[in-house]
Amino acid sequence: MGLDDALVHVVDDDAAIRDALVLLLEAAGHRAKAYPDAPSFLAGLDASQPGCVLADVRMPGMSGLDLQRHLKNEGVDLPVVIITGHADVSMAVQALKAGASDFIEKPFDEDVLLDSVNRALDSGAKVFLERRQIADIQTRAEALSPREREVMNLVVQGLPNKAVAVELAISARTVEIHRARVMEKMGANSLSDLVRMALRLEEGRE
Amino acid sequence: MKYSILRTSLYGCLFIAVYLILDRLSYIHVTFPVNVTPWNPSAGIGLALLLVYGIRGAPLLLVSMLAADFSVRGWPTPLVPTVMANLSVVIFYSTAAQILRENVRIDHALGGVRHVMWLLGSSLVASALSAYCYVGVFLLAGVLPSSEFWSATGRYWIGDMIGIAVFTPAVLVFMRRADWPPLRIFAEILGLGLGIAATLWMVLIRGAPENFQFFYLLFLPLIWAAVRFGIKGAVLGSMAAQIGVMVVLREESAETVTAFQYLMLALVATTAFLGAAIEERRRVEAILHARQDDLAQVSRLSTAGEMAAVLAHELNQPLLAAIAFTRAAQRMLAGESPDTPKARSTLDRAVAENQRAAEIVRSLRQFIGSGPIARDSCSMSELVADAMALAAPEFSRRGIRLSTQGDKFLPPVQVDRIQIQQVLLNLVRNAMEAIERDGDISVATWVLDGMMAVQVTDSGPGVSEDVESRLFQPFNTSKASGMGLGLAISRSFVETHGGKLWLERTGGGRTAFRFTLPLSK
């Protein structure tokens, strides 16, 4: 699944606004889908798909802020753009503090909307690529044998081959062979490349 | 016309028939050759007739009285004194009724202590004068011995008085469309009836009638009736008690009955006063309730600013949708292959959203009332008091003193109560927010150049010239919250009334807003 599949999820309880935003986004070349409330959006959500969320702050039941909090708690990193009314600026500030990508004030014109959506999609794309890279590294790391992984962990800590050999009670020659296999399996060009990958793996685990 | 003559004569005959029946039923305990008995319900319905129909009822009453003398008593006295005696009675009661109708403007529902007092007081005088003249005429005519004058006068008086005290209020109260009580309180009414009957039994049968030691027990069921059912309960209860008393005492001597009637008069009068007082209280409570509803409506709008925030939200929805539909349509039409049908239907939806916005504005206009507004004659000091009552809790919380100044007797103003309360409330709240804590606000009212002037003055920091120039512009606010619409809307309210609202420059660093309103014509 690629970046071209990025989807803008429009969540608003006002049917006219919902339809209008979807039409406008589509006319501007985006893929967009509308939901009348937060639960129906969450029900059909595919977290692996790139995109962003455009949600009204005022909705009966689950508000836009509630939705954003929920996504964060669930570890879904879709950027959320909050739509506010005139009197809801304090809510918007709250949303930004809680990590919303942006907020736009009703009524807005297309440039405001499209700018905000594009920014959200960009940051969503970055996250998406990042996530895909981590997933790649993870797949490669899974191909390592237990011994190779041990060697990698010690090497990226900056230990020389000899120290690794002492640590694992094997010969330096064997370490050298394992190390070459690790570089090959992980697709690393240099030691620094391997170190970066190991850090990514750690991040992904967190 | 013919129909109304027919109806009038039918009612006349009906009255005579009822009069004759009551006269016959009460023609007991007769000790004199004339119509002097210790209870006289026909006098009660006679006075009621005069109160309802005025002087026009007088001939009918005279005819009824003569007919009763003829049919019930077989015309025992000579013609001239009989007619003269009855005529004097009719004249006194007609005069009393006329005074009650024209001068006192008595409320036929007797919904107040004042009305009961006037009714009983004037019938007391009228029946005393009637008794004096009625008995006097027969004395002069030689029908009665002079030794009997005072006892006959006293008996006539108490007979008429108790008849009036019991029957006149009953007729008056129930002639107005009687709204019958719901079924569930019939049980209570039945209980009341039984209570009266049981008490009568205690008073009159167990205790001997000639000693009245148990009489005060009768107060209990009648007070119950009055407290529960107001003036209606009082008059019905009194009538039941009086009829019961007469049924039980029908065999007793006229002296005993007469003495008893004095007690009954005290009882009936007390009950009537109590019933009227209860009625009055209920009415005041009802007025109070209505006023509270009015106030609730004002506080629903609370401040125009809050309303404007709601309005902004409501308008933003269709505006946003309309913009987005239009922009989408533009994009559909741009480029190599314009999708005209889709753009058209999208534009249709944009138009629909614009109409939705227009509808909101229309309903708002009706809500604020720049269309026809209801204007009543209101007391300015009441309007001020109402607005103060609404703001009072917040004032005491902020430690702000509030005072009102102005003439106690101001002419009424012709205004829409809700709107003007809104203006007052808005000015007072602005003043309060300017002061923030610990200060004072005064509201003064007086008549200025044929208009009512109202001024709200506060001890706040005042208004700078820069702010003053933009004071009445919508969406201009110095407050952290609010839409800045309060003064703009207030001014528009006052101006639709034909008044003005402005910032009054006063010395001493106090801020004063003043507005004027037209007086009632």
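One structure accompanies this document, and this report is about it. (Residues numbered from 1 in each chain as written. Chains lettered and ligands numbered in written order. Predicted model: local features only at pLDDT ≥ 70, side-chain atom pairs only at ≥ 80, totals over all residues. Heavy atoms only, no water.)

Structural notes on the pattern of salt bridges
Point 1. Applying the stated criterion across every chain, the model contains 21 salt bridges over all chains.
Point 2. Across the salt bridge formed by A:Arg147 and A:Glu150, the nearest N and O atoms sit 3.0 Å from each other. In this pair, A:Arg147 and A:Glu150 both sit in helix 6 (residues 146–156), 3 residues apart, roughly one turn of the helix.
Point 3. Ionic pairing is found between A:Glu148 and A:Lys185, a salt bridge with its closest N-O pair at 2.9 Å. Taken together, the positions of A:Glu148 in helix 6 and A:Lys185 in helix 8 (residues 172–186) put the pair 37 residues apart, joining distant regions of the chain.
Point 4. Residue classification places A:Glu148 among the buried residues on the basis of a relative accessible area of 4%.
Point 5. Taking the relative accessible area as the measure of exposure, A:Lys185 reaches 28% and is therefore partly exposed.
Point 6. Where salt bridges share partners, they join A:Asp109, A:Glu110, B:Arg327 and B:Arg331 into one cluster. (Salt bridge = Lys/Arg side-chain N within 4 Å of Asp/Glu carboxyl O. Helix = DSSP H or I, 4+ residues; strand = E, 2+ residues; numbered from the N terminus. Buried < 20%, exposed > 50% of the residue type's maximum accessible area, 1.4 Å probe, protein only.)

Considering the sheet that holds strand 5 (residues 102–105) of chain A
Residues and elements named next belong to chain A.
Point 1. Strand order in the open sheet made by the 5 strands is 2-1-3-4-5, with parallel pairing throughout. The open sheet has two edge strands, strand 2 (31–35) and strand 5, and neither has a second partner. Averaged over all pairs of adjacent strands, the angle between their axes in this sheet comes to 20°, without regard to strand direction.
Point 2. Lying on the sheet, helix 5 (residues 110–142) is in contact with strand 1 (7–11), strand 3 (51–56), strand 4 (80–84) and strand 5; it crosses strand 3 at an angle near 135°. (Pairing = 2+ DSSP bridges. Axes fitted to C-alpha atoms, helices over the stretch in contact; angles between N-to-C directions. Contact = heavy atoms within 4.5 Å.)

Things to note about the side chain of B:Arg155
Point 1. Mapping B:Arg155 onto the fold places it in helix 6 (residues 149–175).
Point 2. You can call B:Arg155 buried: its relative accessible area is 7%.

Looking at the sheet that holds strand 4 (residues 439–448) of chain B
Residues and elements named next belong to chain B.
Point 1. Strand order in this open sheet of 5 strands is 2-4-5-7-6, and the pairing throughout is mixed. Only two strands of the sheet have a single neighbouring strand rather than two, namely strand 2 (400–406) and strand 6 (501–505). Averaged over all pairs of adjacent strands, the angle between their axes in this sheet comes to 20°, without regard to strand direction.
Point 2. Summarising the sheet, strand 4 and strand 5 (residues 451–458) pair through 8 bridges and their orientation is antiparallel. Its bridge partner being in strand 5, Thr 445 is matched across the sheet by Val 454.
Point 3. Along the sheet, helix 13 (residues 417–435) contacts strand 2, strand 4, strand 5, strand 6 and strand 7 (511–518); its crossing angle with strand 4, the most-contacted strand, is approximately 145°.
Point 4. Running over the sheet, helix 15 (residues 486–496) touches strand 6 and strand 7 and is turned about 110° from strand 6.

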